[in-house]
Amino acid sequence: METKATSDEDENPELQDVNTEEEDNLPELNTTHEATEKRKRNLLDARREICGILEKGDEDMNETLTQLGIQLNPRLVNMVLEKASSPSLALRFFQWTKAQRGFKHNSSTYDKLVDILGRCKDFETLQRVLSERSAERCSYSAKTFSFATAWHDDSNMLNEFMGVIEKLEPSTRLSAHENFIDALCKEKHADAAMVILKNMASADCAQSMSSFRPLILFYRQNNQMDKLQEVFELMKMKGCPADEIPEETQAASRNCENTDPNETKATLTDDENPDLNALNSKEEEGVSPEWNKTDETPPKKKLNLSEAVLEIWQVLEKGDEDMEETLTQLGLKLTPRLVQLVLNMTKTTSSAVRFFQWVKLQPGFNHNSSTYDTLVNILGWSNDFETMQWVLSEYLDACYNNSARTFLFAAAWHDDLDMLKEVMEMFDKLKPSPRRKAYEMLIAALCSENHVNAALAILEKMATVDCAPRLLTYRPFIQVYCQNNQMDKALEVFEMMKDSPQDSICYSLVLSALCNKKQFAEATKLLEIMVSTGCTLNADIYNIMIHAACKEGKIQGALQLFDRMKEEGIKPIHLTYMFLLDGHYKIGGFDRAHSFLIEQCGKDCILFSSNYSYLIRFYRKSGRHKDARNLLMEMRARGFGYSA
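Since the model is a prediction, treat every value here as computed from it, not as a measurement.

Enquirer: What exactly am I supposed to notice about the overall build of the protein chain here?
Expert: The number of helices and strands found in the protein chain is 32 helices and four strands. Contacts in the protein chain between residues at least 24 apart in sequence constitute 65% of all its contacts with a sequence separation of at least 6. A total accessible area of about 30200 Å² is found for the protein chain, and carbon and sulfur atoms account for 47% of it.

Here it is in structure tokens:
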């Protein structure tokens, strides 16, 4: 059955988490049954069904996904990627959607995959995805590199990531540098951005006005005129035309000697509200989204995101009794992003809760996990556990997604057991199902901040409150141990899970980490443990091993795994062939990769169209355009269609 797909350019990431109480209002997707009977399914239903298949990780996962017949669009793909329990599953799903006829990934879906790969530090796959993204003419943005801003004070990680950028094609390397600088400036890490700017020359990467603009805007907004002057000096050295520098910025620089640094303004500015510094959507997307007043409020006004946040914030600051009525009269179109930013600016928890409740009543608006997470953290920092209890009850019944961001406030108390106990006492007042979810989200938050000992204390507490851990509870521990190269600790977690059903996803995480660290003997031992415990080796497990063998140039070992995979009835996927094509190319060039493709060519049009297309793009990137054309003709002669 052929999967239908649409290319939806609406890249609204806020749809990644949707309030299930409002499911009936969501866009609907059509599914096709064998009896040609059609029924409707909303985004959440589609996400649940797809994620259920991903969690199983069966060898025929791709075929099962295709048989669903779900109509794909970038919003749905983003929602599934957000829920994927491992980077390998996210990549596998991403590659499957790419092969679906009529569907085309956009910058939103690429940003989501890049963020997942970046956070798990899978730089080799990240480089391939960034290169592929450029080839698909899907431009980078500051959001693309937001994950790497967490390393602003870690020179080793920054250098490692810059090594990834420097391996990109020259035409895309400049854009990657500039957008990474923009991302750092948006997170107020201008010092790190300046280092990247100065290192661009050593990467044979000519600087343009776009390279300097984020730093100019940041230093001007923060009144750091000495730093601003330093940027201008760099621009002059690089021959940047003076007329490209904004006039108001030049004037600010010329007048900086006459400005009293201690002088303060009486009016509200972006500097007094740091959350507004990152709101210039013109810098973020290239286009300033408009927030239209409704017809009820003449004359119509068009506000950008920064202005909309400021207008709402000013109403909240007054705290009048008729605040809700005043907010309604503003007539602003609400989105989760706008609500989240306003919540972050509120000075009191009472204002935040009052605004949150008003927003919930507005027609057409649904809170998602980002707005709930923001409110929970505000309440957590103020120790308002009573209010948090009902917010959590509502949240976990509405749009639970096992987020590690919900209890980030509690990570600061990792060494304060009394405060953590207060949080858990509040959990114990929840119903059993939300209680388990809350414990798991707290563990995920602590592990994401590398506070494993505190997370283990939470795990022990769960058993005492009639809340037995499950597979999902253990995964954050395995992830953090793998990231910290504590493989012995990761294996100890499996001992803790011995009474639980075997989880191939957890095994995949450890196996991937061992292979990335070239600990192949330990990886082989883990495979033996998996087989002895009755855990089925699926396509994901084999792909990890094949990829590792190809990276080391051990193509014969990779082919043996490939043959064993097929003997066990596990169908190779596009990712499998990608690894093997790369491995053949590494030891024998394009001719050997082409020969392998011909040998393996089968009747699966979608799969081998993707394999041919992958090699054609490889030819083109290497400048072998004539060979690419010949391969395209060969592909069409065999009845396969090119997948752009």
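After that view of the structure, there is still more to cover.
Enquirer: For this particular structure, what's the right way to read the pattern of salt bridges?
Expert: Two side chains with opposite charge may pair up if their charged atoms get near one another. Summed over the entire model, instances satisfying the criterion amount to 14 salt bridges. Of the charged contacts in the structure, one is a salt bridge between Arg354 and Glu324, with a shortest N-O distance of 2.7 Å. Remark: Glu324 occurs in helix α15 (residues 323–330) and Arg354 occurs in helix α17 (residues 349–360); sequence separation between them is 30 residues. For Glu568, the salt bridge goes to Arg564, with nearest N and O atoms at 3.2 Å. One connected set of salt bridges, linked through shared partners, spans Glu82, Lys112 and Arg405.

Enquirer: How should I be thinking about unusual backbone geometry in this particular structure?
Expert: A negative phi holds for most residues other than glycine; trans holds for most peptide bonds. A positive phi angle, near 65°, is found at Lys188, a position not held by glycine. With respect to the helices, strands and loops of the structure, Lys188 is situated in the loop between α8 (170–186) and α9 (190–199). The exposure class assigned to Lys188 is partly exposed, which follows from its relative accessible area of 36%. Within the chain, Asn383 stands out as a residue other than glycine whose phi angle is a positive 60°. Assignment of secondary structure puts Asn383 in the loop between α18 (369–381) and α19 (385–398).

Enquirer: Looking at this model, I keep getting lost on the packing of helix α28 (residues 539–551) against helix α30 (residues 574–600). Mind explaining?
Expert: For any two helices packed against each other, the geometry is given by the interaxial angle and the distance between the axes. Following both chains from N to C, one finds α28 and α30 inclined at 10°, their axes separated by 9 Å at the closest point. Taken together, the axis directions place α28 and α30 in an arrangement best described as roughly parallel. α30 is crossed by α28, and the crossing has left-handed handedness. Note on element contacts: α30 touches α28 through Leu575, Thr576, Phe579, Leu580, Gly583 and Lys586, opposite Asn543, Ile546, His547, Cys550 and Lys551. Here the residues of the contact of α28 with α30 sort into five nonpolar, four polar and two charged.

Enquirer: Before we go on, may I ask you to explain helix α10 (residues 209–221) in this structure?
Expert: Side chains that are three or four residues apart share a direction in an α-helix, a result of its 3.6 residues per turn. With 13 residues, α10 ought to run about 18 Å at 1.5 Å a step, and its terminal C-alpha atoms sit 18 Å apart, in line with that. When α10 is considered as a whole, its buried residues turn out to be Met209, Ser211, Phe212, Pro214, Leu215, Ile216, Leu217, Phe218 and Tyr219. Positive backbone phi, at 55°, marks Asn223, one or two positions downstream of α10.

Enquirer: What's the story with the nonpolar core in this structure? I'm lost.
Expert: One broad rule of soluble globular proteins: the nonpolar side chains tend to lie buried together. Among the nonpolar cores identified, the biggest contains 203 residues, and Phe161, Phe180, Leu215, Ile312, Phe355, Phe407 and Phe427 are the most heavily contacted of them. Examining the composition of this core, we find that 10 residues originate from one element, α30, more than from any other. With near-sequence residues (within four places) excluded, Phe427 lies in contact with Leu392, Phe407, Arg435, Ala438, Tyr439 and Leu442.

Enquirer: Would you mind going over the packing of aromatic side chains with me for this structure?
Expert: The way to describe two aromatic rings as a pair is by their centre distance and the angle between their planes. Scanning all chains against the criterion turns up 28 aromatic pairs. Between Tyr140 and Phe145 the ring centres are 5.5 Å apart and the planes differ by 70°, which places this aromatic pair in the edge-to-face class. Comparing Tyr140 with Phe145, the two get one shared label, buried. Seen from their ring centres, Tyr585 and Phe618 are 4.8 Å apart, and the 50° between their planes marks the pair as tilted.

Enquirer: Where do I start with the environment of Phe590 in this structure?
Expert: Note on placement: Phe590 falls in helix α30. According to the relative accessible area criterion, Phe590 is buried, its value standing at 7%. On a C-alpha basis, the gap between Phe590 and Asp627 in space is 9.7 Å, while along the polypeptide they are 37 residues apart. Beyond its immediate sequence surroundings of up to four residues, Phe590 is in contact with Tyr585, Phe618, Tyr619, Ser622 and Arg624.

Rules of the game
- Residue positions are given per chain, counted from 1 along the sequence in the order it is written.
- Local features in this predicted model are restricted to residues of pLDDT 70 or higher, and side-chain atom pairs are both shown and tallied only at a pLDDT of 80 or more, whereas totals for entire chains, interfaces and linings draw on every residue.
- Think of the side-chain values as coming from all heavy atoms in the structure, minus any hydrogens and water.
- Only DSSP runs of H or I reaching four residues or more are called helices, and only runs of E reaching two or more are called strands; each is numbered from the N terminus.
- Whether two residues touch is decided by their heavy atoms; if any such pair falls within 4.5 Å, the residues are in contact.
- Here the accessible surface of atoms and residues is derived via Shrake-Rupley with a 1.4 Å probe, and residues count as covered only by protein chains that are part of the display.
- Each salt bridge in this description consists of a side-chain nitrogen of Lys or Arg and a carboxyl oxygen of Asp or Glu lying within 4 Å of one another.
- Exposure is judged per residue with a 1.4 Å probe applied to protein chains only, and the accessible area is read against the type maximum: over 50% gives exposed, under 20% gives buried, and values in between give partly exposed.
- With axes taken as lines fitted to C-alpha atoms, and helix axes fitted only over the stretch in contact, angles between N-to-C directions fall between 0 and 180 degrees.
- Should an angle lie under 35 degrees it is considered roughly parallel, over 145 roughly antiparallel, and from 65 to 115 roughly perpendicular; all remaining angles are considered oblique.
- Note on convention: near helix rotated counterclockwise from far helix by under a right angle means a left-handed crossing. Clockwise means right-handed.
- Only Asp, Glu, Lys and Arg are considered charged in this grouping, and only Ala, Val, Leu, Ile, Met, Phe, Trp, Tyr, Cys and Pro are considered nonpolar; every other residue, Gly among them, is considered polar.
- A helix is expected to span 1.5 Å multiplied by its residue count minus one.
- To form a nonpolar core, buried Ala, Val, Leu, Ile, Met, Phe, Trp, Tyr and Cys residues must be joined to one another through side-chain atoms within 4.5 Å.
- Centres within 6.5 Å make a pair out of two Phe, Tyr or Trp rings, where for Trp the six-membered ring is used; the pair is then stacked when the planes are under 30 degrees apart, edge-to-face when over 60, and tilted otherwise.

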